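Spelled out from the first residue to the last, the chains are:
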Amino acid sequence: MKIQEINRDLSALSIGVSVEIRGKRVYLRAFLPPKPGTGRTTSYQQRIALGVYASEEGLQREF
C-alpha cells in the first residue's frame, strides 16, 4: 500500500493523523499534547517514530 492511499483512508475516516517517510523510516504525524518538561502549554504537530522501515512490509496494515 502506498503512503498516499494510507493518508487518503485516514483522512476519509476523519482521523487527524498522517503517515510520512523520513529517510528509510515510517512516522506518524499529528497534533498532540505537549511532551512533559518542554514548557509548551498547547498541542503542536509532532512526529512519532513507528520503528518500521519504509518498505511494502513496513506499510502493510492488519485489521
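None of the values given here were measured: they were computed from a predicted structure.

1. Considerations on the overall build of the protein
Scanning the protein for helices and strands turns up 1 helix and 3 strands. For the protein, the sequential pattern of α-helices and β-strands runs α-β-β-β. Expressed as lengths along the three principal axes of its C-alpha atoms, the size of the protein is roughly 40 × 25 × 20 Å. Taking contacts inside the protein between residues at least 6 apart in sequence as the whole, the part at least 24 apart equals 28%. Put simply, the protein shows about 5,000 Å² of open surface, and 53% of that area lies on carbon and sulfur atoms. A gap of 12 Å separates the mean positions of the 10 positive and 6 negative side-chain charges of the protein.

2. Considerations on helix α1 (residues 3-12)
Among all positions of α1, only Ile 3, Ile 6, Asp 9 and Leu 10 are buried. An end-on view of α1 places all buried positions within 130° of arc, on one side of the element. Exposed and facing more than 90 degrees away from the buried side of α1 are Gln 4, Arg 8, Ser 11 and Ala 12. Phi for Ser 14, located one or two positions after α1, is positive at around 60°.

3. A word on the nonpolar core
Ile 3, Ile 6, Leu 10, Val 19, Val 26 and Leu 59 form the largest nonpolar core, which has 6 residues in total. No other element matches the 3 residues that α1 contributes to this core.

The rules we used
- Residues numbered from 1 in each chain as written.
- Predicted model: local features only at pLDDT ≥ 70, side-chain atom pairs only at ≥ 80, totals over all residues.
- Heavy atoms only, no water.
- Helix = DSSP H or I, 4+ residues; strand = E, 2+ residues; numbered from the N terminus.
- Contact = heavy atoms within 4.5 Å.
- Areas by Shrake-Rupley, 256 points an atom, 1.4 Å probe, with all protein chains shown as cover.
- Lys, Arg positive; Asp, Glu negative; His and termini not counted.
- Charge placed at Lys NZ, Arg CZ, Asp CG, Glu CD.
- Buried < 20%, exposed > 50% of the residue type's maximum accessible area, 1.4 Å probe, protein only.
- Arc of directions from axis to C-beta.
- Core = buried A, V, L, I, M, F, W, Y, C linked by side-chain atoms within 4.5 Å.

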